[in-house]
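Here's the letter readout for the chains.
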Amino acid sequence: MEHGNRGFSEAGLHRLREVLARHVESKRIPGLVALVGRNGETHVEAIGTMRHDGGAPMRRDTIFRMASTSKPVAMAAAMVLLDECRLRLDDLVEPWLPELADRRVLKRIDGPLEDTVPARRPITVRDLLTSTFGLGMDMTALGAPIMGAIFEQGLTPDLPEPMPGPDEWMRRLGTLPLMYQPGERWQYQISHDVLSVLVARVTGQSFEEFLRERIFDPLGMKDTAFHVPADKIDRLPTLYAPDPRTGEFVVWDEAAGGRWSRPPAFQGGGGGLVSTVDDYHAYFRMLLNGGTHGSERILSRPAVELMTTNRLTPEQNAARHAMAVNNVHVSFGQGQHGGWGMGMAVRTYRGDYAPVGQFGWDGGSGTSTYADPDNRLTGILLTQVGMSVPDSARLIHDFWTTLYQAIDD
């Protein structure tokens, strides 16, 4: 086998496989599928089984719940609309999302919901694209009334009750004050789901229809969707959220009859997609190619550059940095990359083996998807162990360490 042109050493790939297999043999990770791509070559490992107690083996075409790794892919829908001037960065969102007009803003993040001031300015498309519109999942404010209200209103995924349909979801969101002034501070999650509604209202299509027409079909992403149809359900593994105290495998979602076995009321870009390593590889390779796939252009090069480079000012980024480095015990070290583009993290300093400029994101269901322009490298690791315990996070760290040590040039 040639070494020079494929860019991974045989010894390095052997170590990658050994380290991944060790995680499965530990019995903490039932199974995984990993794909590494560089210079037109791909290497795939499928190790272990679909269930913690055995069952069918993991395969290259196993379909996984992508959780927050949905964000970098779903963001492409909004970028298409920017390219076509159907949205502008500094347009107000009110004409499409009247529920977000005339916002009030909390005086203090932990204050009562009534204690507000008027928003200094309306919310713009840019605020949504950069996750700075004023509401989000703030793990440093978990006891605050506003976080309680977000959970009570069912505005986030992963609650026992699925999120309501887009119009009802927006209505509930519109009853809450903002946590921060528009554009002031980066906040996680909610902006991505608001964007799903915005895209659907601008295009007159469902969010999934538009993604399929403009992103999934052109890229050949045939297994990427917001649910798994019956004829593919045997390719979806059980999802576990192990008990943090005992480590016992608690089933969070079964395949047949589970959350992803039927179309959801809300097609959420924040975390709703299912996909495979090959589908995600096609998407991230398109980003590395500056927006093209074969002879077809999916996104303009400037749109890709906007998504995949840091968009945050130092002030906006302070909260993101604090969340990453002060919550290591909660996040198991995920998220320490520096900046944020649109829909994904962007490394702005070198904190581990990956260089500045690497972009992508991780998912709470045990997924990790990044591309690295410097090394022309993609890496995708998919498993089914939720981050209620550190096991999948440690596997993800080891995957990236061994992937980078396998580079041979």
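Heads up: these notes are all about the structure in this document. It should be emphasised that the depicted structure is a prediction, and the values quoted were computed from it without experimental measurement.

**Regarding the nonpolar core**
Phase 1 of the analysis: By size, the foremost hydrophobic cluster in this structure holds 81 residues, and its most contacted members are Ile150, Trp169, Val194, Tyr283, Leu287 and Leu299.
Phase 2 of the analysis: Considering every element that reaches this core, the biggest residue donor is helix H2 (residues 70–83), with ten residues.
Phase 3 of the analysis: Once you skip the residues sitting within four places of it in the chain, Tyr283 turns out to touch Pro72, Val73, Ala76, Ile215, Leu219, Met221 and Met307.
Phase 4 of the analysis: Core analysis: the second largest hydrophobic core is formed by 36 residues, Leu32, Trp340, Ile396 and Ile407 among them.

**Quick word on the pairing of strand E14 (residues 359–363)**
Two faces make up the sheet, and in a regular strand the side chains alternate between them.
Phase 1 of the analysis: Counting buried residues along E14, five of its five residues qualify, which places the element largely inside the surrounding structure.
Phase 2 of the analysis: Burial of E14 is two-sided: the residues Phe359, Trp361 and Gly363 facing one way and the residues Gly360 and Asp362 facing the other way are all buried.
Phase 3 of the analysis: Of the strand pairs in this sheet, strand E13 (residues 345–347) and E14 are connected by two bridges, and their pairing is antiparallel. What sits directly across from Ala345, in E14, is Gly360.
Phase 4 of the analysis: Relative to strand E15 (residues 367–372), E14 runs antiparallel, the two being bridged by five bridges. If you follow Trp361 over to E15, its bridge partner there is Thr369.
Phase 5 of the analysis: With antiparallel pairing between neighbouring strands as the criterion, E14 and E15 make up a hairpin whose turn holds three residues, including Gly366 at a positive phi of roughly 90 degrees.

**Brief notes about unusual backbone geometry**
Residues apart from glycine generally show negative phi values, whereas peptide bonds are mostly found in trans.
Phase 1 of the analysis: Of note, the phi angle at Cys85 is positive, near 60 degrees, even though the residue is not glycine.
Phase 2 of the analysis: By the secondary structure assignment, Cys85 is in the loop between H2 and strand E5 (104–106).
Phase 3 of the analysis: Judged by relative accessible area, which is 57%, Cys85 ranks as exposed.
Phase 4 of the analysis: At Asp158, a residue that is not glycine, the phi angle is positive and equals roughly 75 degrees.
Phase 5 of the analysis: Looking at the secondary structure, you find Asp158 in the loop between helix H4 (145–152) and helix H5 (166–173).

**Points about the pairing of strand E16 (residues 377–383)**
Phase 1 of the analysis: Here E16 lies mainly inside the structure; seven of its seven residues are buried.
Phase 2 of the analysis: Alternating positions in E16 separate into two faces, Leu377, Gly379, Leu381 and Thr383 on one and Thr378, Ile380 and Leu382 on the other, with burial throughout.
Phase 3 of the analysis: Both strand E1 (residues 31–38) and E16 contribute to a ladder of seven bridges, which runs antiparallel. Following the sheet pairing, Val33 is matched in E16 by Leu382.

**What to know about the environment of Arg320**
Phase 1 of the analysis: Assignment of secondary structure puts Arg320 in helix H10 (residues 314–326).
Phase 2 of the analysis: Dropping the residues within four chain positions of it, Arg320 is found in contact with Trp186, Leu312, Gly335, His337, Gly338, Gly339, Trp340, Ala345 and Trp361.

**So, the packing of aromatic side chains**
Phase 1 of the analysis: Within the structure shown, the criterion is met by 14 aromatic pairs.
Phase 2 of the analysis: Centre to centre, the rings of Phe207 and Phe226 are 6.0 Å apart; their planes meet at 40 degrees, and the pair counts as tilted. With Phe207 in helix H7 (residues 207–219) and Phe226 in the loop between H7 and strand E7 (239–240), this residue pair connects regions lying 19 residues apart in the sequence.
Phase 3 of the analysis: According to the relative accessible area criterion, Phe226 is buried, its value standing at 2%.
Phase 4 of the analysis: Look at Tyr283 and Phe284: their rings are 5.6 Å apart centre to centre, the planes differ by 85 degrees, and that puts the pair in the edge-to-face class. One exposure class covers both Tyr283 and Phe284, and it is buried.
Phase 5 of the analysis: Through successive ring pairs, a cluster of aromatic residues spans Trp186, Tyr188, Trp340 and Trp361.
Phase 6 of the analysis: Sitting above the plane of the Trp186 ring, Arg320 keeps its charged end 5.4 Å from the centroid.

**Description of the sheet that holds strand E12 (residues 338–340)**
Hydrogen bonds along the backbone pair up the strands of a sheet, which may run parallel or antiparallel.
Phase 1 of the analysis: One open sheet accounts for eight strands, arranged E3-E2-E1-E16-E15-E14-E13-E12; its pairing is antiparallel. For this open sheet the edge positions go to strand E3 (54–57) and E12, each flanked by a neighbour on one side alone. Geometrically, the sheet is characterised by an average inter-axis angle of 20 degrees between neighbouring strands, direction not taken into account.

**Section: the environment of Val356**
Phase 1 of the analysis: Structurally, the position occupied by Val356 is in the loop between E13 and E14.
Phase 2 of the analysis: By relative accessible area, which is 44% here, Val356 ends up partly exposed.
Phase 3 of the analysis: Residues Val356 and Ile146, spaced 210 residues apart in sequence, show a C-alpha to C-alpha distance of 35 Å.
Phase 4 of the analysis: Setting aside residues no more than four positions away along its own chain, Val356 makes contact with Arg347, Thr348, Tyr349, Arg350 and Asp374.

**A few points about H2**
Phase 1 of the analysis: Given a rise of 1.5 Å per residue, 14 residues ought to cover 20 Å, and the 21 Å separating the end C-alpha atoms of H2 matches this to within 8%.
Phase 2 of the analysis: Of all the bends found along H2, the most pronounced is centred on Ala77 and spans about 25 degrees.
Phase 3 of the analysis: Taken across its 14 residues, H2 has 13 buried, putting it largely inside the fold.
Phase 4 of the analysis: One or two positions beyond H2, positive phi appears at Cys85, with a value near 60 degrees.

Parameters and conventions
Residues numbered from 1 in each chain as written. Predicted model: local features only at pLDDT ≥ 70, side-chain atom pairs only at ≥ 80, totals over all residues. Heavy atoms only, no water. Core = buried A, V, L, I, M, F, W, Y, C linked by side-chain atoms within 4.5 Å. Buried < 20%, exposed > 50% of the residue type's maximum accessible area, 1.4 Å probe, protein only. Helix = DSSP H or I, 4+ residues; strand = E, 2+ residues; numbered from the N terminus. Contact = heavy atoms within 4.5 Å. Pairing = 2+ DSSP bridges. Phe/Tyr/Trp six-rings, centres within 6.5 Å; stacked < 30°, edge-to-face > 60°. Lys NZ or Arg CZ within 6 Å of the ring centre and 35° of its normal. Axes fitted to C-alpha atoms, helices over the stretch in contact; angles between N-to-C directions. Expected span 1.5 Å × (residues − 1). Bend = angle between axes of the 7 residues up to and from the residue.

By themselves, these figures tell us nothing about what the structure is for.
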